[in-house]
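# Structural features, examined
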Amino acid sequence: MTISYNWLSEYLPETIEPAKLSKILTSIGLEVESLEKYESIKGGLAGLVIGEVIECTQHPNADKLKLTKVNVGKGELLQIVCGANNVAAGQKVIVATAGVTIYPLTGEPLTMRVAKIRGVESHGMICAEDEIGLGADHAGIIVMPEDSVIGSAAADYFKPYSDWIFEIGLTPNRMDAMSHIGVAKDVCAYLTHHQKEARVRSPFSNTFKADNNSLPVKVTIENAEACQRFSGVTISGVTVSESPKWLKDRLSSIGIRSINNIVDITNFILHETGQPLHAYDAAAITGNEVIVKNYPEGTKFITLDDKERKLSSEDLMVCNAKEGMCIAGVFGGLKSGVVSGTKNIFLESAWFHPVSIRKTSVRHDLRTDAATRFEKGVDISNTVNVLKRAALMIKEIAGGEITSDIIDVYPDPKPKTEVALKNHYLKKLSGKNYHADAIKKILTNLGFDIVREGQDEIRVAVPYSKPDISIPADIVEEILRIDGLDNIDIPATITISPAVESLGVKEALKDKIAGYLVGQGFIEIFTNSITNSKYFDETVLETTVKMINNLSEELNVLRPSMVETGLESISYNINRRNNNLQLFEYGKTYFTKAVGQYIEEEHVCVYITGADHEDSWREKSTQQDFYKLKGLSTALLVLCGLNNVQFEKADDAGSVLNIYHGKTLLGKLMTVEQNKLQSFGIKQPVYILDIHFAQLQGSVENNTIRYREVNKFPVMQRDLAMVVKRSTTFELIEQTVKKVKLPKLKDMRLFDVFESDKLGADKKSMAISFLFSDDEKTLTDKEVDGMISKLIQGFETDLSAEIRK
């Protein structure tokens with residue numbers, strides 16, 4: 001939810017600084033996710049001044065440049081080199097002097113400095129529109145009116161609009177805060193509770209009056225369940241034109257494009273009050289009758305975007321006597337919209353059922369602002385007040401006269417929901433003792449009516465603007481919000497009842513892995529499980545779960561792999577010069593076997609790229625590689641109790657290794673392919689460990705851990721260096737050792753690899769350390785030498801190895 005600070009401040013009784021207001025909003029449950037400066041012209045034209053070109057001559061060293069003398073009101077003329085064709089003496093112009101930063105329409109900001117251009121000093125720049133963000137024109141410099149004041153600020157002339165914009169993480173139940181007035185009500189309730197009485201400065205007035213009744217419209221509701229209230233009014237003689245600057249500034253600050261004054265007013269009212277409106281060209285209302293009904297299945301209707309849509313029999317329509325004009329609460333029709341030639345309009349303010357609107361909006365993939373409000377529930381009591389407000393604004397801005405009384409069809413008025421709250425229940429949920437007067441004050445400031453008060457109970461009528469409130473816990477939440485969620489007392493002691501957790505083993509395993517990785521310097525990330533289908537080929541997409549109602553074109557499938565979303569995070573960091581990354585993530589992948597059959601798998605993924613640490617005076621960094629991740633994966637699995645894991649090549653290149661425990665495939669190690677890295681704009685190697693968590697958990701649970709006394713006898717170490725073929729891997733050496741079957745060989749590790757032409761063509765030397773131990777006695781040299789001899793024989797036979805002396 002986007003809220004404008006300037007706009008919101010109009011409804012508050014006092015000015016509150018943006019930062020302080022941000023804290024208040026977060027405290028009352030309207031979490032401010034960001035607070036950013038908005039400028040209609042980037043930089044706000046700061047430092048730019050109006051000057052006069054006193055002299056304009058040809059540049060002595062360039063045919064296409066002019067040498068000008070400019071008066072900027074500081075006594076001394078500035079010498080400025082200008083390349084514009086239209087610069088001439090006597091012009092009033094916009095000047096950026098040395099030290100001023102300009103913000104071009106495209107590109108990076110540029111700070112002016114004194115510079116030599118073709119051998120001549122230039123003390124600034126005479127500006128074109130696109131160079132300072134005023135427009136896209138670069139045909140020449142801006143020539144100001146003759147009466148412009150020399151030396152005055154350009155910002156004083158153009159008056160760029162600036163604001164602060166709150167992005168509020170609104171929860172789905174807070175439809176009452178989906179408008180500037182709704183947010184203002186909460187802020188005023190907070191101020192009243194914590195400081196002094198504060199009332200919303202209401203924009204509504206009692207001055208509404210129809211000028212005549214020359215254009216009445218009859219309204220009939222055939223589906224009273226889907227449309228429980230419909231209000232309207234006609235305004236004749238309007239002039240459809242560009243909106244005034246203040247209105248365009250208000251809308252553009254929250255990201256809404258100006259269309260024309262009529263449509264802009266309906267959008268303004270929507271974001272001011274939360275009530276969607278729709279304006280019809282009255283000429284399109286055949287028979288001066290509006291009928292709210294449903295059409296038969298498959299009926300064709302052309303919407304405002306010039307697309308023909310087939311209606312469902314469940315889609316509610318606003319129609320004239322002959323045909324549909326609008327998909328109710330969702331999107332207008334092509335024939336009934338307000339255009340430049342429209343003179344008379346019919347303005348609609350209605351209440352449509354949230355479920356009906358939600359289904360229609362999703363069915364036709366029309367996620368409009370109006371549909372978003374209706375599907376959460378709007379204030380059914382406010383349709384007429386909002387309609388009057390909008391009609392007066394249209395009359396003021398677009399002219400014309402109000403040519404009908406308010407039409408209000410409300411067949412079955414809804415009673416207010418009543419909820420009783422007991423004091424002990426409030427204390428139980430909130431942990432605080434509230435005075436009865438404080439409770440009343442908070443609730444009345446939020447629009448609740450006190451129905452009855454008792455010694456231990458208060459009964460209230462819920463305002464129509466809060467349709468989510470139906471039980472006592474909801475009332476407690478309202479009280480806690482206004483008191484301030486950050487004021488909730490935290491008890492000094494917490495009592496916990498022991499319980500058997502069905503997910504205990506799984507969560508304990510997750511904690512163990514996460515704790516180890518964090519201790520190794522890794523950072524946990526959390527990426528979106530909805531991703532972009534362009535990352536995957538057609539073979540993968542055949543079994544990928546596709547989104548029916550995707551939020552955007554880029555987020556249209558559930559990820560079939562953890563790799564791509566991890567690479568997005570890596571790319572994001574690298575683009576911000578955070579090149580050395582050690583990340584891990586718990587997440588799920590999804591695929592489908594058949595229609596309606598969906599499978600999700602949980603993973604733990606580890607990502608490394610760049611250096612293992614930053615350089616220091618004691619130790620230089622080294623680049624992370626495949627072997628670093630292989631060692632980490634072995635240590636991680638040993639931590640989980642899985643000692644005997646095997647790594648097997650999954651491809652000829654060896655860039656992917658499958659990890660097995662027995663016959664169970666636990667996951668894989670991979671070097672990300674170059675073309676995959678390029679698609680994410682990554683220019684450095686990335687290595688990934690992907691473990692299937694269900695298989696890992698199964699192996700851990702099935703693995704028997706046996707206690708063994710620590711061996712009290714010494715370990716014997718022998719080092720062996722051998723020359724083997726360059727293609728020989730350590731895995732082949734391990735397999736040879738296993739064939740020899742030496743139970744007293746406890747461990748082995750590769751500690752050196754040496755390659756040189758002196759060893760022979762296509763040869764390399766591998767040095768391995770072997771550790772021997774006996775649980776019952778101290779081994780003798782003779783026994784160890786015998787075992788080494790067996791190993792040498794195995795290496796010579798299986799690997800054609802040559803033992804180095």
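The structure this text deals with has already been given above.
Residues numbered from 1 in each chain as written. Predicted model: local features only at pLDDT ≥ 70, side-chain atom pairs only at ≥ 80, totals over all residues. Heavy atoms only, no water.

## As for the sheet that holds strand β20 (residues 316-319)
Condition: Strands are labelled as partners when DSSP assigns at least two bridges between them. Numbering of helices and strands starts at the N terminus; helices are DSSP runs of H or I of at least 4 residues and strands are runs of E of at least 2.
If you walk across this open sheet you meet the five strands as β14-β17-β20-β21-β22, and the pairing is mixed. Each edge of the sheet is formed by a strand with only one pairing partner; in this case those strands are β14 (218-221) and β22 (331-332). Sheet topology places β14 next to strand β17 (residues 289-294); four bridges connect them, and they run parallel. Residue pairing for β17: Thr220 is matched across the bridge by Ile291.

## Here's the deal with the pairing of strand β37 (residues 686-692)
So the rule is basically this: With a 1.4 Å probe rolled over the protein chains alone, any residue whose accessible area is under 20% of its type maximum counts as buried; one over 50% counts as exposed, and the rest are partly exposed.
Burial within β37 is extensive, with seven of its seven residues counted as buried. With burial as the criterion, each face of β37 is covered, one bearing Val686, Ile688, Asp690 and His692 and the other bearing Tyr687, Leu689 and Ile691. With seven bridges connecting them, strand β33 (residues 597-609) and β37 associate as antiparallel partners. Residue His603 lies in a different strand from β37, and its bridge partner there is His692.

## Overview of the packing of aromatic side chains
Let me state the cut-off plainly: Between 30 and 60 degrees the pair is tilted, below 30 it is stacked and above 60 it is edge-to-face, where a pair is any two Phe, Tyr or Trp rings, Trp via its six-membered ring, whose centres lie within 6.5 Å.
For the structure shown, the criterion picks out 13 aromatic pairs. Seen in terms of ring centroids, Phe352 and Phe374 are 5.1 Å apart; in terms of plane orientation they differ by 65 degrees. Their pairing is edge-to-face. With a gap of 22 residues between them, Phe352 in strand β23 (residues 344-352) and Phe374 in helix α8 (residues 369-376) connect regions that are remote in the sequence. Relative accessible area serves as the criterion here: at 1%, Phe352 is assigned to the buried category. Of the residues examined, Phe374 reaches a relative accessible area of 3% and is grouped as buried.

## Some words on the sheet that holds strand β40 (residues 763-772)
Threshold: The axes are straight lines fitted to the C-alpha atoms, using for helices just the contacting stretch, and the angles between their N-to-C directions are given from 0 to 180°.
Strand order in the open sheet formed by four strands is β39-β40-β38-β41, and the pairing between neighbours is antiparallel. Unpaired on one side and paired on the other, β39 (745-754) and β41 (802-804) mark the two borders of the sheet. Adjacent strand axes in the sheet meet at a mean angle of 30 degrees when their direction is disregarded. Here three bridges tie strand β38 (residues 716-725) to β41, and the two strands are oriented antiparallel to one another.

## A word on the nonpolar core
What counts is decided by this rule: Residues enter a nonpolar core if they are buried and are Ala, Val, Leu, Ile, Met, Phe, Trp, Tyr or Cys, with the set joined through side-chain atoms within 4.5 Å. Throughout, a contact is declared for two residues whenever any of their heavy atoms are within 4.5 Å.
Core analysis: the largest hydrophobic core is formed by 70 residues, its most contacted members being Leu21, Leu25, Val187, Ile262, Ile394, Ile475 and Ile479. When residues no more than four places from it in sequence are discounted, the contact partners of Ile479 are Leu421, Leu426, Tyr434, Ile439, Ile442 and Leu443. Among the nonpolar cores identified, the runner-up in size contains 33 residues, and Met325, Cys326, Ala350 and Val378 belong to it.

## Side note on the packing of helix α11 (residues 436-445) against helix α12 (residues 472-483)
To keep things clear, this is the line we draw: Note that the term roughly parallel is reserved for angles under 35 degrees, roughly antiparallel for angles over 145, roughly perpendicular for angles of 65 to 115, and oblique for everything else. By the convention adopted, Pro, Cys, Tyr, Trp, Phe, Met, Ile, Leu, Val and Ala count as nonpolar, Lys, Arg, Asp and Glu as charged, and the other residues, Gly among them, as polar.
At a minimum axis separation of 10 Å, α11 and α12 run at an interaxial angle of 95 degrees. Comparing the axis directions of α11 and α12 gives the class roughly perpendicular. Facing Ile439, Ile442 and Leu443 of α11, the residues of α12 in contact are Ile475, Glu478, Ile479 and Ile482. Its residues placed into classes, the contact of α11 with α12 shows six nonpolar, no polar and one charged.

## A look at the packing of helix α4 (residues 180-194) against α11
Here is the rule we go by: Should the near helix be turned anticlockwise from the far one by less than a right angle, the crossing is left-handed, and should it be turned clockwise, the crossing is right-handed.
Viewed as axis vectors pointing N to C, α4 and α11 meet at an angle of 160 degrees, and their least axial separation amounts to 9 Å. When the interaxial angle is binned, α4 and α11 end up roughly antiparallel. Two packed elements cross with a definite hand, and for α4 against α11 that hand is right-handed. In this structure, α4 uses Ala189, Thr192 and His193 to contact α11, whose residues at the interface are Ala438, Lys441, Ile442 and Asn445.

## Overview of the pattern of salt bridges
Once their charged atoms are close, side chains differing in charge can pair, the charge on each being opposite to the other. As a reminder of what qualifies: Each salt bridge in this description consists of a side-chain nitrogen of Lys or Arg and a carboxyl oxygen of Asp or Glu lying within 4 Å of one another.
Here the structure, examined in full by the defined rule, presents 36 salt bridges. In this structure, the salt-bridge partner of Glu10 is Arg250, at a minimum N-O distance of 2.3 Å. Here Arg250 lies in helix α5 (residues 245-253) and Glu10 lies in the loop between α1 (5-9) and α2 (18-27), a separation of 240 residues in the sequence. Of the residues examined, Glu10 reaches a relative accessible area of 37% and is grouped as partly exposed. Overall, the relative accessible area of 10% leaves Arg250 in the buried class. One connected set of salt bridges, linked through shared partners, spans Arg174, Asp176, Asp186, Lys466, Glu478 and Arg481.

## Concerning unusual backbone geometry
Not every positive phi belongs to a glycine, and Arg118 is a case in point at roughly 55 degrees. By the secondary structure assignment, Arg118 is in the loop between β9 (115-117) and β10 (120-122). The backbone phi angle of Lys741 is positive, close to 55 degrees, even though this residue is not glycine. Locating Lys741 in the fold gives a position in the loop between α19 (730-740) and β39.

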